[in-house]
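# Notes for the structure review
If you want the building blocks of each chain, they are given just below.
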Amino acid sequence: MTDVPTTTKADWTSDQEVRWCPGCGDYSILTAVQLLMPELDVRREDTVFVSGIGCAARFPYYMNTYGMHGIHGRAPALATGLAMARPDLDVWVVGGDGDMLSIGGNHLLHALRRNVNLNILLFNNQIYGLTKGQYSPTSEIGKVTKSTPAGSIDEPFNPISVAIGAEASFVARTHDMDRQHMMDMFRRAHDFPGAAFVEVFQNCNVFNDGAFGAITKKDKRASMLIHLEHGQPIRFGEDNEKGVVINPQGSAEVVDVADVGESALLVHDEARQDPSLAFALSRLSAGPFEPTPIGVYRAVERAEYAGEASKQLAMAQEQTGPGDLEALLHSRPTWEVS
Amino acid sequence: MTDTVPRTVGTRELNRLVVRFAGDSGDGMQLTGDRFTSASALFGNDLATLPEFPAEIRAPQGTLAGVSAFQVQVSDHDITTPGDAPNVLVAMNPAALRKELAHLEIGGTVIVNQDAFVERNLTKAGYESDPLEDGSLDNYTLFKVPMTTITKEVCKDLGVKPRDAERSKNFFALGLLSWLYSRPAQPTLDWISAKFKRQQLIADANTAAFKAGMAFGETAELFDFTYEVKPASLSPGTYTNVNGNTALSWGLIAASQRAKVPLFLGSYPITPASDVLHELSQRKNFGVRTFQAEDEIAAVCAALGASFGGHLGVTTTSGPGVALKGETIGLAVSLELPLLVINIQRGGPSTGLPTKTESADLMQAMYGRHGESPVPIVAAYSPSQCFFAAIEAARIALKYRTPVILLSDGYLANGSEPWCLPDVSTLPDMTVEFATGPNHTEDDGTEVFWPYLRDPQTMARPWAVPGTPGLTHRIGGIEKEDGTGNINYEADNHGYMVRLREDRVAHMANDIPLTMVDGDVEDADLLVLGWGSTWGAITSAVGRARSEGRKVAHAHVTHLNPLPKDLGEIVRRYPKVLVPEMNLGQFCRIIRAEFLVDAQSVCKVEGVPFTAAELHSHINGALDD
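None of the values given here were measured: they were computed from a predicted structure. (Residues numbered from 1 in each chain as written. Chains lettered and ligands numbered in written order. Predicted model: local features only at pLDDT ≥ 70, side-chain atom pairs only at ≥ 80, totals over all residues.)

Turning our eyes to something else, we now look at the overall build of chain A. Of the regular secondary structure elements, chain A holds 12 helices and 12 strands. Reported as C-alpha extents along the three principal axes, the dimensions of chain A are approximately 90 × 50 × 50 Å. Put simply, chain A has 338 residues, and 49% of those count as buried. Pairs at least 24 apart in sequence give 67% of the contacts found in chain A among residues at least 6 apart. (Helix = DSSP H or I, 4+ residues; strand = E, 2+ residues; numbered from the N terminus. Buried ≥ 20, exposed ≤ 12 C-beta atoms within 10 Å, placed from the backbone. Contact = placed C-beta atoms within 7 Å.)

Check the secondary structure of chain B and you find 20 helices and 25 strands. Structurally, chain B occupies a C-alpha span of about 100 × 60 × 45 Å along its principal axes. Expressed as a percentage of its 625 residues, the buried residues of chain B come to 55%.

Scored by pLDDT, chain B has a mean of 95; 99% of the residues are at 70 or more. For this predicted complex, the interface confidence score (ipTM) comes to 0.98, while the overall pTM stands at 0.95. (pLDDT = per-residue confidence, 0-100.)

Another aspect to go through is the interface of chain A and chain B. If you look at the interface, chain A gives 51 residues, while chain B gives 56 residues. Among the elements of the structure, strand 2 (66–69), helix 2 (75–85), helix 4 (105–114), helix 11 (305–320), helix 12 (325–329) and strand 12 (334–337) of chain A are those that each provide at least two residues to the side of chain A that touches chain B. Considering each element in turn, the side of chain A that touches chain B owes the most residues, 8 residues, to helix 2 of chain A. Taken together, the residues of the side of chain A that touches chain B break down into 23 nonpolar, 19 polar and 9 charged. Sheet analysis places strand 2 of chain A next to strand 19 (residues 474–476) of chain B, joined by 3 bridges and oriented parallel. (Nonpolar A, V, L, I, M, F, W, Y, C, P; charged D, E, K, R; others polar. Pairing = 2+ DSSP bridges.)

Right, let's talk about the pairing of strand 13 (residues 339–345) of chain B for a bit. Residues and elements named next belong to chain B. Where burial is concerned, most of strand 13 is hidden: 7 out of the 7 residues are buried. Where strand 12 (residues 312–317) and strand 13 come together, 4 bridges link them in parallel fashion. Bridge assignment links Val314 to a residue of strand 13, and that residue is Leu340. Bridge count between strand 13 and strand 15 (residues 403–409): 7 bridges; the pairing is parallel. Residue pairing in the sheet places Ile342 in a bridge with Leu406 of strand 15.

Counting through the fold element by element, Leu304 of chain B comes out in helix 11 (residues 296–308). Residue Leu304 of chain B is classed as buried on the basis of its 33 C-beta neighbours within 10 Å. In this structure, the C-alpha to C-alpha distance between Leu304 of chain B and Pro338 of chain B, residues 34 residues apart in sequence, is 7.7 Å. The contact partners of Leu304 of chain B, leaving out residues within four places of it in the chain, are Leu78 and Gly81 of chain A together with Gly313, Thr328, Leu331, Ala332, Leu337 and Leu339 of chain B.

What follows covers the sheet that holds strand 10 (residues 263–267) of chain B. Whether parallel or antiparallel, the strands of a sheet pair through hydrogen bonds between backbone atoms. Residues and elements named next belong to chain B. Spatially, the 7 strands line up as an open sheet ordered 11-10-12-13-15-14-23, and their pairing is mixed. Here the strands that pair on one side only, and so sit at the sheet edges, are strand 11 (289–292) and strand 23 (559–561). Direction aside, neighbouring strands of the sheet carry axes that sit 20° apart on average. Relative to strand 15, helix 14 (residues 386–400) is tilted by about 165°, and along the sheet it contacts strand 12, strand 13, strand 14 (377–379) and strand 15. (Axes fitted to C-alpha atoms, helices over the stretch in contact; angles between N-to-C directions.)

All names here are of chain B. The terminal C-alpha atoms of helix 12 (residues 319–335), which comprises 17 residues, lie 23 Å apart, in line with the 24 Å expected from a rise of 1.5 Å per residue. In helix 12, a bend of some 55° at Lys325 exceeds every other bend along the element. The complete set of buried residues in helix 12 reads Gly319, Gly321, Val322, Lys325, Thr328, Ile329, Leu331, Ala332, Val333, Ser334 and Leu335. Just past helix 12, the residue Glu336 takes up positive phi, approximately 55°. (Expected span 1.5 Å × (residues − 1). Bend = angle between axes of the 7 residues up to and from the residue.)

The next point concerns the domain arrangement of chain B. Accessible area lost upon the coming together of the parts is a frequently used measure of interface size. Residues and elements named next belong to chain B. For chain B, the assigned domains are domain 1 (10–229), domain 2 (240–424), domain 3 (433–511) and domain 4 (516–624). With 14 residues of domain 2 at the contact, the number on the domain 3 side is 15 residues. At the level of secondary structure, the elements contributing two or more residues to the side of domain 2 that touches domain 3 comprise helix 12 and helix 14. By residue class, the composition of the side of domain 2 that touches domain 3 is 7 nonpolar, 3 polar and 4 charged. (Domains from an automatic or database assignment.)

Let us look at the sheet that holds strand 3 (residues 46–52) of chain B. Residue and element names in this part refer to chain B. One open sheet accounts for 6 strands, arranged 3-4-2-5-6-7; its pairing is mixed. Looking along the sheet, the strands with just one partner apiece sit at the ends: strand 3 and strand 7 (141–145). Between one strand axis and the next, the sheet turns through 15° on average, direction left out of account. Summarising the sheet, strand 3 and strand 4 (residues 67–75) pair through 7 bridges and their orientation is antiparallel. Bridge pairing in strand 4 places Thr49 opposite Val72.

Let us now look at the packing of helix 4 (residues 147–155) of chain B against helix 8 (residues 200–219) of chain B. Residues and elements named next belong to chain B. For the pair helix 4 and helix 8, interaxial distance at closest approach is 9 Å and the crossing angle is 125°. Considering their axes alone, helix 4 and helix 8 lie oblique with respect to each other. Of the two elements, helix 4 crosses helix 8, and the hand of that crossing is right-handed. Of helix 8, the residues touching helix 4 (which contributes Ile150, Thr151, Val154 and Cys155) are Ala205, Ala208, Ala209, Ala212 and Phe216. Residues that form the contact of helix 4 with helix 8 fall into these classes: 8 nonpolar, 1 polar and no charged. (Parallel < 35°, antiparallel > 145°, perpendicular 65-115°, else oblique. Left-handed = near helix turned anticlockwise from the far one by under 90°.)

Turning to unusual backbone geometry, a few remarks are in order. Note the cis peptide between Thr271 of chain B and Pro272 of chain B, where omega equals 0°. Take Pro272 of chain B: it is sitting in the loop between strand 10 and helix 10 (274–281). For Asn115 of chain A, which is not a glycine, the phi torsion comes out positive at approximately 65°. On the secondary structure map, Asn115 of chain A appears in the loop between helix 4 and strand 4 (118–124). Residue Asn115 of chain A is classed as buried on the basis of its 25 C-beta neighbours within 10 Å. With a phi angle near 75°, Lys132 of chain A is a residue other than glycine that sits in the positive phi range. Within the secondary structure layout, Lys132 of chain A lies in the loop between strand 4 and helix 5 (159–165). Of the residues examined, Lys132 of chain A has 11 C-beta atoms within 10 Å and is grouped as exposed.

Residue and element names in this part refer to chain B. The contact between helix 6 (residues 169–180) and helix 8 brings their axes to 7 Å, and the two run at 40°. The pairing of helix 6 with helix 8 is recorded here as oblique in orientation. Relative to helix 8, the crossing made by helix 6 is right-handed. Contact with helix 6, carried on its side by Lys169, Phe171, Phe172, Ala173, Leu174, Gly175, Leu176, Ser178, Trp179 and Leu180, involves Asn206, Ala209, Phe210, Lys211, Ala212, Gly213, Met214, Phe216, Gly217 and Glu218 of helix 8 and no other residues of that element. Looking at the contact of helix 6 with helix 8 residue by residue, the class counts come to 12 nonpolar, 5 polar and 3 charged.

The next subject is the environment of Gly309 of chain B. If you trace the backbone, Gly309 of chain B turns up in the loop between helix 11 and strand 12. C-alpha separation for the pair Gly309 of chain B and Val465 of chain B, spaced 156 residues apart in sequence, amounts to 5.4 Å. With near-sequence residues (within four places) excluded, Gly309 of chain B lies in contact with Leu82, Ala85 and Arg86 of chain A together with Val465 and Pro466 of chain B.

Bringing the pairing of strand 3 (residues 90–96) of chain A into the picture now. For a regular strand, side chains alternate in direction, first toward one face of the sheet and then toward the other. All names here are of chain A. When you tally the buried positions in strand 3, you get 7 out of 7 residues, the bulk of the element. Alternating residues of strand 3 divide into Asp90, Trp92, Val94 and Gly96 and Val91, Val93 and Gly95, and every residue in both groups is buried. Taken together, the 5 bridges between strand 1 (residues 47–51) and strand 3 define a ladder with parallel strand orientation. The residue of strand 3 that forms the bridge with Val50 is Val93.

Next comes the structure, spelled out in structure tokens:
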């Protein structure tokens, strides 16, 4: 693919006016994607952004690629059909927490378990934005919104846990305040041959402002964000003084490195087949107010769905030759009337 | 059985014969009926079938709820229905006799598996006394045959387990019927050895049972005559016996080939549509991609996604599935992409009667979406015609870049008939032209691509598939400006787009066949106007009325939206219009609303098709009214 023309961010930017609220975290995610695309080995015409409904789902309109703005929750299903029909394309799915974990939760689960070659970006702002401020499936218990005046009584989803539970092969998390980290995660997702799931902590400054501030503000990041790096002991903190261990009960736990020694720390292995440790890491934080891992939780290659489907087609043609309609119509017992 | 001396048995000729096989769900009655049908087809009879089975895979054994039946009419002339009242009922147990006897013509033949008429089974079927002995079958010709006993006897030296041997009793029944009605044995014997080639013992047991059934007829001295239905004088050609779901599947493959566009089927299993998924999943060598989705919505969405990628996206389902797909069909209306939604209708509402037929989803097809959301509708009318209906629905979807709903039903799906195979080279060329370059020049001279710039003839927008350089564009469900396709919320624009979507479907009337009218086209006193699977019963009923000297015409509509251009003139031409439907008058309502004629509805919503006799009587009633 050395013949992919050189492009800039401007080439990947459509002529449509961006209509998110001023200050929305979606802008920085859009910029990260538009900056990343010229660095990837893909052509604009081979790139498709598919979305459902919601603020995040407006994303395809702003990319100068092929794009489909679908219906609420169904983007993973629309994209599955497209990716199966056209394994040659680079297909991205963009949606919010309501879109992909509530109305379309089922489609997300099945796209992940099938391992369809999609890059799935879930913009998690823990609120319904486009419908003006109802609680979402990732909102915390007790959240007071227009539809929960007495506080939400719904246990929230942890998107990383959901993805790992759905047999996802690639699971990562990033946040809208760190462009370089977003670009790194999106690049990893793009390069992964299968369903790649990236949760992006995204600030909705109108209906849920500062939801992630306690962990993503510049002065909080060192102590509250735990960078997962493959092959490295998991450490964080202003002076790298904290670490993560797996305790005797099998849960991940934050410790002082001084107390346990570096050798006791969990060494992150994103390629580990067994998802238990990745799942344990996903449970480390109960919400965006405790030290929370970001980065690639899991990247385990396995058979990709569209490719497997294409293989079956190729095998059928190899075994029986290309389909012959005349022969098909005559494939059952026939008789002649003269 | 070689030591038996053949008796001399006379042969009587019949013009037609209706046999109904009935037994427990596990008795293999569908298979038995299907084999009798295939042998008759290969013999050259015309035929039509009506399988009827319960929704439960294995309802409690021996109960009325568990009875599975298969009716077939075979004839020496052209027929269009599986027959009104059977001449012969094969009842494998008391429940089958009790449930099915009412269908049988008075004086008809009842052949029972005598071994099953024991107290336990009689009780389960609700009999207080044995109907074989208490005289309740005096109005019929009864043959009591110990099918289980004989089958076990002939299998006992084969090494088959007794239980497996007993299972072969349906082949004994088939053998007996094959002898009695002079059906050729070889197709069935060939089928058994092919089907069970990896289970030699079962093949042996079925073969032995089948031969024992034939030998029993010949030697048992119960039967004085065999009967014969001569081959029908059908149009010359090569025939095969086909059911609607198979014909429909093959039609989709044909459409894909003639359009040179790969076929993508997104489907979720649902009765009675699943067999299309099964058939197409075996056709990968035609480049057919099948996707069993997580739900009905994902199935249609995946099909639409595939269409965006340049495939012919198809989804198959039944009414409950269409209800779930409604939002996506609306999206397809807005996106103006090809999409074929196939509804094999069944009894509703809700789960309703999953295995029974009904055609009550017409209004759902017309209006079952939100907003003004017009969708072309094509309806199949006979099992083999499902092939052509599928091609026609695909043609419209591809040419006009629109979702199309194709209506079939359980009766067409599972019913079979001989099909004179078409010359595939005569099928329409539906080659699709994809957009390859810019289609609009801006004021400053820039060449750009507008996704909603229309073909002036078809009003279809260009189909520009991902991968095509220079044509990157975004489409979505938000209202858009015509031409550019840009988001547009303006009041005037929405009004314009709503009318445009309506008009472009209406204009398709210029590109669909005129109404087919048969019978006394010029001077009928009554027009019978039908759509869908009522075609067979209407054709037969109109034929009977006309043979009595009545002046009746029959129009059958294959395109329900838009309607054929000449339909208004046709329905106004005749003094009376009768509209038989397997619903409470949905099409009749459309006809009355569209054309302001006093069309009268004839309704049947009982899970079984109209019989010709019923419609014949309605025709006479309307004429005498």
